[in-house]
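# Working through the structure, step by step
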Amino acid sequence: MTKTTSEDTRPEDAARSFDTEVGAGGELHQIADDGGDVLTTQQGVRVADDQNSLKVGDRGPTLLEDFHFREKIFHFDHERIPERVVHARGFGVHGTFTLTESLEDHTVAKMLTEVGEQTQMFVRFSTVAGNKGSPDLARDVRGFAAKFYTKEGNWDIVGNNIPVFFIQDAIKFPDMVHAAKQEPDRGFPQAQTAHDNFWDFISLTPESMHMIMWIMSDRTIPRSFRTIEGFGVHTFRLINAEGKGTYVKFHFKPRQGLQSVMWNEAVKINGADPDFHRRDLWDAIDQDTPPEWDLGVQLFDDEFADNFEFDVLDATKLIPEEQIPVRIIGSFVLDARVENFFAETEQVAFCTQNVVPGIGFTNDPLLQGRNFSYLDTQLKRLGSPNFTHIPINQPRGCPVMNFQQDGHMAMRNPKGRVNYEPNSWAGSGPNPRESPTTGYRHFPAEESGRKAQVRSASFADHYSQARQFFISQAPIEQKHIGDALVFELSKVERVDIRQKIVGHLRNIDETLAKVVAGGLGLKELPPKEKAAVEPRTDLPASPALSIVGRGPESFAGRKLGILVTDGASAKLVKALTESVAAMGAVSEIIAPKIAGATLDDGTLVEGKQKIDGGPSILYDAVALLLSKDGAAQLAEDKTAKDFVSDAFAHCKFIGHTPEAVPFIQRAGVTEKDMDEGVIPLDSAKSVDAFLKACGKLRLWDREFKVDLDAAGFLAAQSAKG
Ligand code: HDE
């Protein structure tokens, strides 16, 4: 640091000189007597007392004259900005994209054509319906918004973890969001769709049915942000050097594999750790195991679009990967946490209209509406048209130069005399000009037609892809969809709404409709809802739409909870923790007391969690390394027993010392229940076998034995034959 000195003019400090230092980044520090930074007001004035406001006498009134006190409170009073109207709860991280395959035949966008090119990016994950303070594991769509700081300007893909949407036309978005969020008279329930208003709206909006299948599936209760896919949803357009357009859909595919939790688990995670997803991502980056995704594209032309079963402009439809394979063109790693949550995650402003040369839009009516909404909403949220001056929103790959000026909080105004264009000034400061050759050109689509408020007939089939999604799911996933529908509709007070939804399900899959009707205790199957066009039943299953089977091959990146007691085998604790680390997974010690447990060799293993703070729902698998005495003590503890019974009910793999068996049985897992997922641990070899089994993540077959609702599902399945 370079030292500079200025004279202190305050009488009480007259004897002292003021030290300021220039930091490594060129920033000035005021140095206190102890060598640290001095606390100052926003005006840079040193603060002498930050504990007591200025008063008349020891017990007298506080004086307005205390400018430090007033400034501090004034600033605090204005700390909040409006939360996002949707996607309020989010978590952002930085990363880098690397291109591995050029799309130069299709686009002039450099980020997509220069192989090896690295582009900085920022991603914000979010839930949609909940408020900023809502829990991470709400059943909800996850936002997956990516900002690429390309050399040609910022490009945003403001995507979700589901490839379709609720509605076809942006004009319905406010209604859909109002219906999903808390009801206006009571202000609850928040962060959930399990209420009358949502299902009332859905029952009257058949175009949502495909999305309903997705949101009732396990996609909406992901295990981690690291285990979700991302989708641009709309059909966008790539534009090449000749001005030729190619349709494109964007996909992000997690290298960690797909994984979700169970609903009963999600409900409990929300209580045990409402920050489960953000903590998980924070930890993964902290532990230097940053998540990675492949960026893929589905490319197609007018001929495909004209022959496809549905309209490619309809955001309630997807194009099965089996029809147009996803071509992987690069990957990104998210490896840097934000320095400040507010400055970056809260202030980042994504806009679907942020595109660069070579990337354009289509007439998807949802996309067209979004192009208005995202710019508009930033003014409300960030308070100024200069939100682009906030560092997280500024382009990093290229300079910005234009004649836009003034406004609230302008950080960047044109320098010199010129602030208009065209002009004939030269040499009086920056004087940017338009560039017909390299500037952004919109795709010259030819359009004609009468003005009308219509919905194209090509958007009318609302059930066929919903069915295609449903039949593409593994049986356990189909069961979960049925369970979720029964759960949500059981929270709906009006019976007619429940019935109407079942009437829609009959257009998707009769068995599903029967399972849900049975789960709701309906005496009769309600009549089918009238479909605008006859649903198709000939669309083949698309395996790419299932999560099960697309998970990881190993336990890498997952978390093992190890419950230990005093007297547990030190050898086993060591073997297990080392093997877990070696396979790129993490383990956490849970003990009856946070100080840890004294093992059989006298060593102390520290606890990361006290048992009450580390329920098994927080882990992908659990191990019970208990001594005989420890097991006997835990058998008297309800929380410890919940640890086991939950892990069992959630189909997790459970490793255990032989001494733990009586405890497991006291927890309700009887000898007869013990299946191949409950694995004895007594040697290093058994540790390997246990961790190998954990790579499957869940023993789904168990669910059919431990869940009352499974009976209805199995009965309906066998009736179907
Ligand atoms: Fe959004 N959406 N949206 N949305 N959306 C917003 O923009 C909107 C839609 C998505 O992490 C808002 O800055 C309309 C689809 C994400 O900051 C707002 C319509 C998809 C995020 C808005 C849609 C999304 C938003 C609220 C229907 C998936 C969070 C705050 C026409 C492809 C971005 C904000 C972040 C946020 C409007 C539908 C994804 C109000 C009008 C479809 C990931 O502008």
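Nothing here was measured: the structure is a model prediction, and the numbers come from that model.

In terms of domain boundaries, the protein breaks down into domain 1 (85–162 + 212–393) and domain 2 (555–696). Contacts between the two partners involve 16 residues from domain 1 and, on the opposite side, 14 residues from domain 2. Overall, the association of domain 1 and domain 2 removes approximately 1100 Å² of surface from exposure, summing both partners, and the carbon and sulfur fraction of that is 47%. Asp620 is the partner of Arg223 in a salt bridge, and the nearest nitrogen-oxygen pair spans 2.6 Å. At the level of secondary structure, the elements contributing two or more residues to the side of domain 1 that touches domain 2 comprise helix H5 (263–272) and helix H6 (276–286). The element that contributes the greatest number of residues to the side of domain 1 that touches domain 2 is H5, accounting for 5 residues. Residue composition of the side of domain 1 that touches domain 2, by class: 4 nonpolar, 6 polar and 6 charged.

Take the UniProt feature "binding site: heme" (unreviewed entry) in the protein next. Per the UniProt record, "binding site: heme" (unreviewed entry) is annotated on Arg84, Arg124, Phe173, Arg370, Tyr374 and Arg381. Among the secondary structure elements, Phe173 is positioned in helix H2 (residues 173–180). Excluding residues that lie within four positions of it along the chain, Phe173 makes contacts with Val86, Phe165 and Ile167. Residue class for Arg370 comes out buried when judged on its relative accessible area of 14%. Beyond its immediate stretch of four places on either side in the chain, Arg370 contacts Val158, His234 and Thr352.

Turning to the site of the ligand, a few remarks are in order. Lining the immediate surroundings of the ligand are 22 residues, of which Arg84, Arg124, Arg370, Tyr374 and Gln378 lie closest. His87 places a polar side-chain atom, nitrogen or oxygen, 3.4 Å from a nitrogen atom of the ligand. Here an oxygen atom of the ligand sits 2.6 Å away from a polar atom, N or O, in the side chain of Arg124. In terms of residue count, the dominant contributor to the shell around the ligand is helix H9 (residues 365–382) (6 residues).

Exactly one protein atom donates to the iron atom of the ligand; that atom is Tyr374 (OH), 1.8 Å from the metal. By the element assignment, Tyr374 lies in helix H9.

Those residues of helix H13 (residues 510–520) lying buried are Thr511, Leu512, Ala513, Val515, Val516, Ala517 and Leu520. A distance of 3.1 Å separates the backbone nitrogen of Thr511 from a side-chain oxygen at the start of H13, and that oxygen is part of Asp509. Gly521 sits one or two positions beyond H13 and adopts a positive phi of about 75°.

Residues Phe166, Trp199, Ile212, Met213 and Leu485 are the most contacted members of the largest nonpolar core, which totals 51 residues. Counting only elements with at least two residues in this core, the list comes to H2, helix H3 (196–203), helix H4 (209–215), helix H10 (464–471), helix H11 (475–490), helix H12 (495–505) and H13. At 6 residues, H4 tops the list of elements feeding residues into this core. What Trp199 contacts, discounting residues up to four positions off in sequence, is Thr193, Ala194, Ile212, Met216, Leu485, Glu488, Leu489, Val492, Ile497 and Ile501. Core analysis: the second largest hydrophobic core is formed by 37 residues, Ala109, Leu238, Leu281 and Trp293 among them.

What counts, and at which threshold
- Residues numbered from 1 in each chain as written.
- Predicted model: local features only at pLDDT ≥ 70, side-chain atom pairs only at ≥ 80, totals over all residues.
- Heavy atoms only, no water.
- Domains from an automatic or database assignment.
- Contact = heavy atoms within 4.5 Å.
- Buried area = accessible area lost by both parts, 1.4 Å probe.
- Salt bridge = Lys/Arg side-chain N within 4 Å of Asp/Glu carboxyl O.
- Helix = DSSP H or I, 4+ residues; strand = E, 2+ residues; numbered from the N terminus.
- Nonpolar A, V, L, I, M, F, W, Y, C, P; charged D, E, K, R; others polar.
- UniProt positions renumbered as here; feature names shortened; annotations may be inferred.
- Buried < 20%, exposed > 50% of the residue type's maximum accessible area, 1.4 Å probe, protein only.
- Near = heavy atom within 4 Å.
- Polar contact = N/O pair within 3.5 Å; in protein donor to acceptor, adjacent residues only side chain to side chain.
- Donors = N, O, S within 2.8 Å, 3.2 Å for Na, K, Ca; no water.
- Core = buried A, V, L, I, M, F, W, Y, C linked by side-chain atoms within 4.5 Å.

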